[in-house]
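Close look at the chain arrangement
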There are 2 protein chains.
Amino acid sequence: MKKAPQILDELGFRKTEIRIKVLEHLQKVEKAVSQPELEKKFNNLADRVTLYRILSAFEEKGIIHKIMDVHGVARYAMCNEKHCTEHEHHDEHVHFNCTECGDVVCLDTVKVPIIKLPKDFSLSRLNLNIEGTCDNCQK
Amino acid sequence: MKKAPQILDELGFRKTEIRIKVLEHLQKVEKAVSQPELEKKFNNLADRVTLYRILSAFEEKGIIHKIMDVHGVARYAMCNEKHCTEHEHHDEHVHFNCTECGDVVCLDTVKVPIIKLPKDFSLSRLNLNIEGTCDNCQK
DNA sequence: AAATAAATTGCAACATTGTTGCTATTATAA
DNA sequence: TTATAATAGCAACAATGTTGCAATTTATTT
Ligand SMILES: [Mn+2]
Ligand SMILES: [Mn+2]
Ligand SMILES: [Zn+2]
Ligand SMILES: [Zn+2]
């Protein structure tokens, strides 16, 4: 996996402490994280607004994608699909929301089946949120 | 379709003007509506908080179900599935969010296929939001 | 019809998530 | 080292949602 500072460099971002840390965190946890979570984690390292702007900036460059979780909170995760760009994100996998630990993970291996819509409906994007118990929380 | 006042009666709710109007509206539009939308529609007929409480009350009795739309806003729609109760909602159909008109509809006829999750993940609920253009907005 | 009890409503206050404008700071290039 | 463009911080605001409590209203009972 490419190192965070190099990624920032290639995208024309500056290598500030908080940007490096946020990106490294996203790479490490392999989960979809929210701004409030980042705020807790990097307590006085950056302002709330800065975190929101970092996440938006990363998303616009296509290195992370944004999803709404079951609580209506925005979460961001690394794009593993190779073909994500600034304007086209490919995110056709299941987003699993654990009711026990609250974690949200992209199940890259579980693709959303093709859905046939009624006549005159056209599809541009989709998000399948599944709630349940994750492997870690399984008794 | 059962009339709104009768439904309220049977559920032990009082037949207040706003409750009747909200329920009739939900029956008529056949869409998933949000509190902000109801607030605009029934401008000075009820307080914001009252609308939130009406929606929660209806949901708890199993006559409407709650979904998060693509913007993270809670929406409520009539339960057509016959087997919805206070604690078990059956909502395994597609929720279509039109990017043109902003409407959200339950596509009762488009069921979400069975998804096979990885080992040790268990499913309790799911919500498939699809974004695109609805039949009304199709050019 | 009047009294009562319980459900419903309104209001104020608050919490959380998210956005915008502007200024100050800082990383990088020249 | 200096210049400049990007980044960050702060304040203010918006939107959605929740809670507590007092006032009102519906429906029941007398
Ligand atoms: Mn994803
Ligand atoms: Mn539905
Ligand atoms: Zn879990
Ligand atoms: Zn439409």
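Residues numbered from 1 in each chain as written. Chains lettered and ligands numbered in written order. Predicted model: local features only at pLDDT ≥ 70, side-chain atom pairs only at ≥ 80, totals over all residues. Heavy atoms only, no water.

**Structural notes on the protein's contact with DNA strand D**
- As a matter of local geometry, DNA strand D sits amid 21 residues, with Thr16(A), Arg19(A), Arg53(A), Arg14(B) and Ala74(B) nearest to it.
- Per the 4 Å cut-off to the protein, sugar and phosphate atoms form 53% of the nearby atoms of DNA strand D.
- The separation between a phosphate oxygen of DNA strand D and a polar main-chain atom of Asp47(A) is 2.9 Å.
- The contact in question runs from a phosphate oxygen of DNA strand D to an N or O atom on the side chain of Thr50(A), over 3.0 Å.
- Of all elements in the fold, only helix 2 (17-29) and helix 4 (48-60) of chain A together with helix 4 (48-60) of chain B reach the threshold of two or more residues within the surface near DNA strand D.
- Here the surface near DNA strand D is composed, by residue class, of 11 nonpolar, 2 polar and 8 charged. (Near = heavy atom within 4 Å. Polar contact = N/O pair within 3.5 Å; in protein donor to acceptor, adjacent residues only side chain to side chain. Helix = DSSP H or I, 4+ residues; strand = E, 2+ residues; numbered from the N terminus. Nonpolar A, V, L, I, M, F, W, Y, C, P; charged D, E, K, R; others polar.)

**Observations regarding the coordination of the zinc ion (ligand 4)**
Residues and elements named next belong to chain B.
- Protein coordination at the zinc ion (ligand 4): the donors are Cys98 (SG), Cys101 (SG), Cys134 (SG) and Cys137 (SG), at 2.2 to 2.4 Å from the metal.
- For the zinc ion (ligand 4), the 4 donor atoms in the first shell make angles of 105 to 117° at the metal, so the coordination geometry reads as tetrahedral.
- Taken in chain order, the donor set of the zinc ion (ligand 4) reads C-x2-C-x32-C-x2-C. Taken together, the residues span a long stretch of sequence, with Cys98 in strand 4 (residues 93-98) and Cys137 in the segment after strand 6 (122-133) at a distance of 39 residues.
- On the accessibility criterion, Cys98 (5% relative accessible area) is buried. (Donors = N, O, S within 2.8 Å, 3.2 Å for Na, K, Ca; no water. Tetrahedral: all angles 85-135°; square planar, octahedral: opposite > 155°, others 65-115°. Buried < 20%, exposed > 50% of the residue type's maximum accessible area, 1.4 Å probe, protein only.)

**Here's the deal with the protein's contact with DNA strand C**
- Every one of the 21 residues lining DNA strand C counts as a neighbour, but Ala74(A), Arg14(B), Thr16(B), Ile18(B) and Arg53(B) are closest to it.
- The sugar-phosphate share of atoms of DNA strand C within 4 Å of the protein amounts to 56%.
- Residue Ala74(A) places a main-chain N or O atom 2.8 Å away from a phosphate oxygen belonging to DNA strand C.
- One of the side-chain N or O atoms of Arg19(B) is found 2.9 Å from a phosphate oxygen in DNA strand C.
- Looking at the surface near DNA strand C, the elements that each hand over two or more residues are helix 4 of chain A together with helix 2 (17-29) and helix 4 of chain B.
- Considered class by class, the residues forming the surface near DNA strand C number 11 nonpolar, 2 polar and 8 charged.

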